[in-house]
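Here's the letter readout for the chains.
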Amino acid sequence: MKYKDLKSFLKNKIFSASLSVIIAILGVAFGLLPYYAIYRLLLLLFLKEANINSLIFYTILAALGYFMQLASHYISTAISHKNAFEILENIRLEISKKMIRLPLGIVQNKGSGYFKNLISDEIERLEYPFAHALPETTSNVLIPIGIIIIIFTLDWRMGLSIIAPYVLTLLFYMPMYIGIMREFENTYYHAIENMNSKVIEYIIGIKEIKIFGRSKDAYLKYEESIDNYESSTLRLYNKMYYASAPAFVLLSSILVSVLIIGAYLYANQKILFPVFLFSIIASLGIGTHILKFIEFMDNFFHIKNGNRLVKEILSLPELDQRNHERVNLKNLEIRFEDVNFAYDKKEILKGLNLVFKENQKTALVGPSGSGKSTIANLLARFWDTSEGAIKIGGIDYKDIPLEQLMENINYITQDPFLFNISIKENIRIGKPNAVDEEVYMAAKRAYCDEFILDLEDGYDTIAGDLGAKLSGGQRQRIIIARAILKDSPILILDESTAFSDMENQKKIQDSLDELCKNKTLIVIAHRLSTIRNCDQIMVVNDGQVKNIGTHDELLNESDIYRNLWQIYLTSSRWSLERGEIRC
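Reading guide: rules and limits
Along each chain, the written sequence defines residue order, and numbers are assigned to residues from 1. Only residues with pLDDT of at least 70 get local features here, since the model is predicted, and only at 80 or more are side-chain atom pairs given and counted; chain-wide, interface and lining totals rely on the full set of residues. Where side-chain values are given, they derive from all heavy atoms of the structure, hydrogens and water being excluded. Residue-level confidence of the predictor, termed pLDDT, takes values from 0 up to 100. Every helix listed is a DSSP run of H or I at least four residues long, and every strand listed is a run of E at least two residues long, numbered separately from the N terminus. Should any heavy atoms of two residues lie within 4.5 Å, those residues are considered in contact. By this definition, two strands are paired if DSSP reports at least two bridges between them. The axes are straight lines fitted to the C-alpha atoms, using for helices just the contacting stretch, and the angles between their N-to-C directions are given from 0 to 180°. Put simply, two rings from Phe, Tyr or Trp (the six-membered ring, in Trp's case) pair if the centres are within 6.5 Å, and we call them stacked under 30 degrees between planes, edge-to-face over 60, tilted for the rest. Placement of a positive charge over a ring is assigned whenever Lys NZ or Arg CZ falls within 6 Å of the ring centre and within 35 degrees of the normal to the ring plane. For the exposure calls, accessible area comes from a 1.4 Å probe over protein chains only, and a residue counts as buried if that area is under 20% of its type's maximum, exposed if over 50%, partly exposed in between. Here, a salt bridge means any Lys or Arg side-chain nitrogen found within 4 Å of an Asp or Glu carboxyl oxygen.

The subject of this paragraph is the confidence of the model for the protein chain. Overall, the predicted model of the protein chain reaches an average pLDDT of 79, with 85% of residues at or above 70. Summarising per-element confidence for the protein chain, the mean pLDDT is lowest in helix H8 (residues 206-211) (58) and highest in helix H13 (residues 423-428) (90). The model gives residues 573-583 a pLDDT under 50, and that stretch makes 32 contacts with residues more than four places away or in other chains.

Below, the structure written as structure tokens:
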């Protein structure tokens, strides 16, 4: 099923939602029995026809009605809660799947605060209206209507005495309420989205904030977002209180209206005393239900905003998936054919043509911003090309199912990411069905078995948020163990030893040597000494490949490469042979 908005998620739950409403309506009917029983008792007492049997009968009828109303309410809300949690689960899962299908640039532009607010806060805010508002709003509307109908059948004038204040309340309150809630939509939701974004940014960037002495500035932005949320919320709630107070007074006047009109009619012998007394009792019950209904009205705006956000994310353009059937890849030669790519209307790659030969080592070098990382990101399908084609084994990779493509490609960056789970499970991500022995073997091949066993809980040690319990070099080797376990034939390597210390560089390089065996290797080079032995080196500048050759050939033929090499020699403090890629 193709999900587009909240309605599409609710379609599968129409039957159970309808059942919940029907049971809630039955509860309404049962809820009217006590009022009927009370009226009959009052009438019998007034006519002096009451006896012990009638007293017991109507008492039991009232108790039974009350009990059945509670049972109906419990069953109805149990069904609606189950529906609500299943709907929220489906929404969260669908958004998560959608994020995988989106170009990486869209996800990065939206930011982690946006998705945290959507998946956690906004979706959770829908639980209350889905679980309560539908069945309970039904009952809180129908019970007053049922009571008013009963009173109208007894005496139309007493019916008017109850309904008049209610109508006046709606005429006074609803226009103000709708205006306030529209303003609420335009300020409150944006304020909370901004606050969540700043919270996530503050937490993720806390290290940089401290290092660069920006604690005060960062905190002020964080505090400003909270203050904005607080002030906008309080301003709107104050307006709400000013509108609500008179409405509650008008609703309370139902009893006054019933007393005045009822007393007048009774004094003039135009109604019976039981009708007068029953109207008083009924008016007390009506006000409670109407107030409850008004409380629920806020939830309709939460649903409206939730629908806006869900529709917004699910309608974003996805990576082009033209085929969902696995294809037969006879070889893994990669070709870029007249590839253009623009990001935020800025042209980055311009008519790019290049070939990565199967089982060869290719390095991408060039000045910062030349397009090296963009080439790697396009190959990993983090984005789609604007024009042109990327082919693997002669097949346009848009015709290769994304899951199959990812089975064949591994991407290791300089910034290793570990989940807050055990080290064993972090490695097993590379091959979810791997047995423990396979995990241990991958760790040994990545030269991280020794330090893992020295940890307090060994392979069961929790890595911490973003792998915070491990050093940078240790995290990098865990990532390489994960890649070894996955064993994809195409490896994209954003040179992973560039910022590691001397001790870790040797260990990381040894683990990379294991990983690179019999692979189509694409290296984004930062330290030129590491790519001297590659089969081919591509010099990228201004979104195009300017030169292709070996290290020695490029020193003679490429001014850009020669200049980069000279800059490297000038800045290098270590041996040119250290960290050389030998796979």
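Right, let's talk about the sheet that holds strand E1 (residues 334-343) for a bit. Here four strands make up an open sheet; going across it, the order is E2-E1-E4-E5 and the pairing antiparallel. Sheet topology places strand E2 (346-356) and strand E5 (395-396) at the edges, where each strand pairs with a single neighbour. Relative to E5, strand E4 (residues 387-392) is paired through two bridges, and the arrangement is antiparallel. Directly across from Lys391, in E5, lies its bridge partner Asp396.

Attention shifts here to the sheet that holds strand E9 (residues 536-541). A sheet is described by the order of its strands in space; here six strands give the open sequence E6-E7-E8-E3-E9-E10, paired in mixed fashion. Looking at which strands have only one partner, the edges of the open sheet turn out to be strand E6 (409-412) and strand E10 (544-549). Adjacent strand axes in the sheet meet at a mean angle of 20 degrees when their direction is disregarded. Bridge count between strand E3 (residues 361-365) and E9: four bridges; the pairing is parallel. Pairing of Leu364 across the sheet is with Met538, part of E9.

What follows is about the packing of aromatic side chains. In total, this model carries eight aromatic pairs according to the counting rule given. By way of ring pairs, the aromatic residues Tyr266, Phe273 and Phe276 are connected into one cluster. The ring of Tyr397 carries the charged tip of Arg381 above its face, separated from the ring centre by 5.1 Å.

Within the fold, Lys304 resides in helix H10 (residues 273-314). According to the relative accessible area criterion, Lys304 is partly exposed, its value standing at 48%. C-alpha of Lys304 to C-alpha of Leu126: the two residues are 178 residues apart in sequence and 9.7 Å apart in space.

What follows concerns the pattern of salt bridges. It is possible for side chains of opposite charge to pair when their charged atoms get near one another. All told, the structure shown has 21 salt bridges when counted by the stated rule. With a closest N to O distance of 3.8 Å, Lys361 and Asp535 form a salt bridge. Placement of the pair is Lys361 in strand E3 and Asp535 in the loop between strand E8 (520-524) and E9, with a sequence separation of 174 residues. Taking relative accessible area as the criterion, Lys361 reaches 16% and is therefore assigned buried. One salt bridge in this structure joins Asp436 and Arg428, with 2.7 Å as the shortest N-O distance.

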